[in-house]
Amino acid sequence: MQVVMTEAAEVFITAVTLQALSNRPVYTSQWDTREPNNMAHINLTRQRPPADAVRRLPPEGGEKARGGPSLSQEADAVLVAPASADFMAKLVQGRADDLLSLMCLARPIERCPLLIAPAMNREMWAHPATQRNAAQLRADGTTLLGPDAGDQACGEIGDGRMLEPETLAEELIAFFQPKRLAGKRVLITAGPTFEAIDPVRGITNRSSGKMGFALARAAREAGAQVTLVAGPVALPTPRGVMRTDVQSAQQMQDAVLPVAGAHDVFIATAAVADWRPAAPHEHKIKKDGSGRPPAIEMVENPDILAAVARLPKPPYCVGFAAESHDLLVHAQAKRLRKGVPLIAGNLGPATFGQDDNTLLLVDAQGHRELPTASKLQLARELVREIAERLKTFK
Ligand code: CTP
């Protein structure tokens, strides 16, 4: 990462701090004498030879070595964060009176994308001039990240907050993910369900929802419009994902079935409770002094995945199989029983709550393991596998 600061930025924070954090010298001026050709605004977004390149003998392999590691990095993207209203106006006009604006103008526009994270007072953001500038920047190919809404430095509340730095980092990563599901609608269930026994007790399970939330993020990164139906979990909603919270299996089915047909893909990661108390008590069940626990009659819950797969025109359905043993055999049987084209099997007790997982993909053609990796990495791989299969799906 190479940091470039404007004069205004240096009023808030010193270049020394950002040098220490980025572990690289920070650039603040277009007249920086460290650059041999004095053209920091050009050099910073290009692959360029090191300062002593002209004095060095060419290494063996001559020409070939030119793209090798002896060259300093070229920028993959320029991210301006925070981007003030003034800086946005400057970009729109193509003005170039400081290093950052010069660099934005001089970057190879086809290869080095520009992303900006607007941050300003809500009135400034809402002003027609800023809105006009934002629209023009988009038309010029700039990606606007945010702004967010919320508390502002000035004490007001509204649109114009810069996205949180972690969110910006996630958005930057998302920007570079291949858009394999562009234009597709993806519906995902995640987490456990909670089946009430009485107002204070219920039956649930140890599903953390992490795999489903990672898939929601990965599908959205791949360009899909994502709807996430989540059981009771305390995970933050991935950015850009539409979320509906539910408690019970019945509520999950009610949230899924009416909309499933309008989606291209349905991924059922939820650990849906198989049974629920037939009639939850209205009041807390009290001990009756007999020493006998109350008899709780149970009924089977609807199978949401199987119901979606049975729709007249179902989306491409992906089931998960959480097993404790004989994963392949159970996953194959489950795929046929649920009538779905693809099952991702995993060993439930080993993965619940963990950040890592291992998946066994089972479809009509055979099976393939996705080796142990973070749930996000696996989610991205699964999205790739789904996108491939979607090409030949009805
Ligand atoms: N599933 C569902 N609705 C249910 C039960 C399961 O949509 N009522 C989905 C899960 O989200 C998962 C797949 O079906 O994608 C398999 O879930 P799993 O709990 O492994 O299987 P069960 O159908 O419960 O079968 P068993 O209990 O025999 O393992």
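Conventions we followed
Residues numbered from 1 in each chain as written. Predicted model: local features only at pLDDT ≥ 70, side-chain atom pairs only at ≥ 80, totals over all residues. Heavy atoms only, no water. Salt bridge = Lys/Arg side-chain N within 4 Å of Asp/Glu carboxyl O. Helix = DSSP H or I, 4+ residues; strand = E, 2+ residues; numbered from the N terminus. Buried < 20%, exposed > 50% of the residue type's maximum accessible area, 1.4 Å probe, protein only. Arc of directions from axis to C-beta. Contact = heavy atoms within 4.5 Å. Phe/Tyr/Trp six-rings, centres within 6.5 Å; stacked < 30°, edge-to-face > 60°. Lys NZ or Arg CZ within 6 Å of the ring centre and 35° of its normal. Domains from an automatic or database assignment. Buried area = accessible area lost by both parts, 1.4 Å probe. Polar contact = N/O pair within 3.5 Å; in protein donor to acceptor, adjacent residues only side chain to side chain. Nonpolar A, V, L, I, M, F, W, Y, C, P; charged D, E, K, R; others polar.

Novice: What's the story with the pattern of salt bridges in this structure? I'm lost.
Specialist: Charged atoms that come close allow side chains of opposite charge to pair. Here the structure, examined in full by the defined rule, presents 21 salt bridges. A salt bridge links Arg122 to Glu156, with the shortest nitrogen-to-oxygen separation between them at 3.0 Å. Of the two residues, Arg122 sits in helix 6 (residues 122-126) while Glu156 sits in the loop between strand 4 (148-151) and strand 5 (157-161), which places them 34 residues apart along the sequence. On the basis of relative accessibility, which here comes to 30%, the residue Glu156 falls in the partly exposed class. Across the salt bridge formed by Arg217 and Glu221, the nearest N and O atoms sit 3.1 Å from each other. Linking Arg217 with Glu221, this pair stays in helix 9 (residues 210-221), spanning four residues, or about one helical turn. In this structure Glu221 comes out as buried when scored by relative accessible area, which is 3%.

Novice: Help me out: how do you make sense of helix 8 (residues 165-175) in this one?
Specialist: Working note: α-helix, 3.6 residues per turn, so residues spaced by three or four point in the same direction. Of all the residues in helix 8, the buried ones are Leu168, Glu171 and Ala174. Seen from one end, helix 8 has its buried residues packed into an arc of 120°, which puts them on one side. If you follow the buried residues of helix 8, they end up packed against strand 1 (78-83), strand 2 (114-118) and helix 9.

Novice: Would you mind showing me how to read the packing of aromatic side chains here?
Specialist: The geometry of two aromatic rings is summed up by the distance between their centres and the angle between their planes. Within the structure shown, the criterion is met by two aromatic pairs. Consider the rings of Tyr316 and Phe393, whose centres lie 5.1 Å apart with planes at 85°: the pair is edge-to-face. You can see Tyr316 sitting in strand 14 (residues 316-323) and its partner Phe393 sitting in the segment after helix 14 (375-390), a full 77 residues away along the chain. Tyr316 sits in the buried class, given a relative accessible area of 3%. The positively charged end of Arg34 is found above the aromatic ring belonging to Tyr27, 4.6 Å away from the centroid.

Novice: Explain the environment of Ile386 here, please?
Specialist: Within the fold, Ile386 resides in helix 14. Judged by its relative accessible area of 2%, Ile386 falls in the buried class. Once the C-alpha coordinates of Ile386 and Val265 are considered, the two residues, 121 residues apart in sequence, prove to be 8.5 Å apart.

Novice: I'm lost on the domain arrangement of the protein in this one. Help?
Specialist: A common measure of how large an interface is: the accessible area buried when the components associate. Its domain assignment divides the protein into domain 1 (9-48 + 74-176) and domain 2 (185-277 + 298-390). On a C-alpha basis, the centroid separation for the pair domain 1 and domain 2 is 38 Å. Residue-level contacts link seven residues of domain 1 with five residues of domain 2. Each partner contributes to the roughly 510 Å² buried at the junction of domain 1 and domain 2, and carbon and sulfur atoms together form 44% of this total. Considering only the surface of domain 1 that becomes buried against domain 2, Glu170, Glu171 and Ala174 emerge as the three largest contributors, covering 64% of it. Our count for the contact surface shared by domain 1 and domain 2 stands at three salt bridges. Residues Arg217 and Glu170 are paired through a salt bridge, measuring 3.9 Å at the closest nitrogen-oxygen approach. The tally of links from domain 1 across to domain 2 stands at two residue pairs in polar contact (both at pLDDT 80 or more). In the side of domain 1 that touches domain 2, the residues fall into three nonpolar, two polar and two charged.

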